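Residues per chain are reported as follows:
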Amino acid sequence: MPEPTQRPAPLPTAGRPTLEAIARRAAVSLSTVSKVLNGRPGVSAATRSRVEQLLHDSGYARRGHDPERGGLLELVVADLTSEWSIEIIRGVERVTREAGLVLGLSALDDHLRPGADWIAGVLNRKPVAVVLQFSDLTATHRRQLRTRNIPFVVVDPAGDPPGDVPAIGATNWAGGVAATRHLLGLGHRRIAVLSGPADLMCSRARVAGYQSALEEAGVGLDPTIAASGEFSRAAGEREGRRLLARNDRPTGVVCGNDLQALGVMDAAFALGLAVPDDVSVVGFDDVAPALWARPPLTTVRQPLQEMAEEAARLALRLRAEDVENTRLELATSLVVRSSTAAPR
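None of these values were measured; they are calculated from a predicted model. (Residues numbered from 1 in each chain as written. Predicted model: local features only at pLDDT ≥ 70, side-chain atom pairs only at ≥ 80, totals over all residues. Heavy atoms only, no water.)

**Student:** Requested: an account of the pairing of strand β3 (residues 129-133), with residues and values cited.
**Tutor:** For β3, a buried count of 5 out of 5 residues is recorded, marking the element as mostly surrounded by other parts of the structure. Where strand β1 (residues 72-77) meets β3, 4 bridges bridge the pair, whose relative direction is parallel. From the neighbouring strand, Leu73 faces β3, where its bridge partner is Ala129. As paired strands, β3 and strand β4 (residues 152-155) are joined by 4 bridges and run parallel to one another. Looking at β4, one finds that Gln133 is bridged to Val155. Running through helix α6 (residues 139-147), the crossover from β3 to the neighbouring parallel element β4 is right-handed. (Buried < 20%, exposed > 50% of the residue type's maximum accessible area, 1.4 Å probe, protein only. Helix = DSSP H or I, 4+ residues; strand = E, 2+ residues; numbered from the N terminus. Pairing = 2+ DSSP bridges. Right-handed = clockwise from strand over helix to strand, strands pointing away.)

**Student:** Pulling in residues and values, what's your account of the sheet that holds strand β7 (residues 226-228)?
**Tutor:** Read across the sheet, 6 strands follow the order β7-β6-β8-β9-β10-β12 without closing on themselves; strand pairing throughout is mixed. Each of the sheet's edge strands pairs with one partner strand only, and the pair in question is β7 and β12 (333-335). Direction aside, neighbouring strands of the sheet carry axes that sit 20° apart on average. Here strand β10 (residues 298-301) pairs with β12 via 3 bridges, running antiparallel. Bridge pairing in β12 links Arg301 to Ser333. Along the sheet face, helix α8 (residues 201-216) touches β6 (191-195), β8 (252-255) and β9 (280-285) and points at about 165° away from the line of β6. (Axes fitted to C-alpha atoms, helices over the stretch in contact; angles between N-to-C directions. Contact = heavy atoms within 4.5 Å.)

**Student:** Give a description of the environment of Gln211 that names residues and reports values.
**Tutor:** Here Gln211 shows up in helix α8. Note on Gln211: relative accessible area 32%, which makes it partly exposed. Distance from Gln211 to Trp173, taken between C-alpha atoms, is 9.8 Å for residues 38 residues apart in sequence.

**Student:** Break down the environment of Pro161 for me, citing the residues and quoting the values.
**Tutor:** As for its position among the elements, Pro161 is in the loop between β4 and β5 (167-170). Note on Pro161: relative accessible area 16%, which makes it buried. Those residues in contact with Pro161 that lie beyond four places of it in its chain are Met201 and Arg327.

**Student:** Would you mind going over the pattern of salt bridges in detail, with residue names and values included?
**Tutor:** Once their charged atoms are close, side chains differing in charge can pair, the charge on each being opposite to the other. Evaluated as defined, the whole model comprises 20 salt bridges. Residues Glu306 and Arg301 are paired through a salt bridge, measuring 3.0 Å at the closest nitrogen-oxygen approach. With relative accessibility at 31%, the residue Glu306 sits in the partly exposed group. (Salt bridge = Lys/Arg side-chain N within 4 Å of Asp/Glu carboxyl O.)

And the structure:
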């Protein structure tokens, strides 16, 4: 018998709907509803979609309980090897250890949105909560997590998430202002900016801070000394070579993150320039390699571990209670080291 293609009428919402009622309305067995709810295979796409819609429309959600010891909290990071991700992992791990939970890790492999395989795995693993590193969840994924009472929180969101998406970020605009004001205060007037990917909200906010600081100081913006690239050392070196090989090269560079800044320093040395004598460089994040650099890198500290801790704690609170304020920005701060000095 062919499956119906029309959307089923929603269930009555008085009281909490039962899985048996949803199964009857979807004209499927209780075991089929259970398979959909737990992300197991063996259900056609049309049936799965119909059951998911009924779960959502009826307001079904598993009741939350205090996490039991040994439960799983899932963390989704962009790259398991990056210093940025390692700081996030450390912060979430501290909270899971304190709560007696197990930390599960998933990697996005350079994508900003978890795929269909990930959501199916999450529904099957049934974590008590999910923390995602600047990940963008689809409306369908958000709905699926909510119907299973799996709260989620995004750390440093990539874009501007919907108002109902809990998120923990940092004051990126203020950090961009602080980095640029530092160079202006040293006497620099020709200051380049190297931003991260333009589709990331943190990149755009940091550049906006840079622009605001220049405008405040009465220094005109020069688009020819503005560049962008991946948050990587290779991108920093590539764009740094282009900026610093100019006859009218900048005397200072504000970078989107520390890895880019280290790449700009590599480019300067390759071109026979000294840091900070010939060019001052400022990074962003304050990950461990910033302190190990020679010279040590001036940077804007983003409290990554604290952001991750707040995200994990918020996710656990959301499972047990209603939380009014689900958006938080932690303060950035300038850390002055030896990669910046007054221009010659």
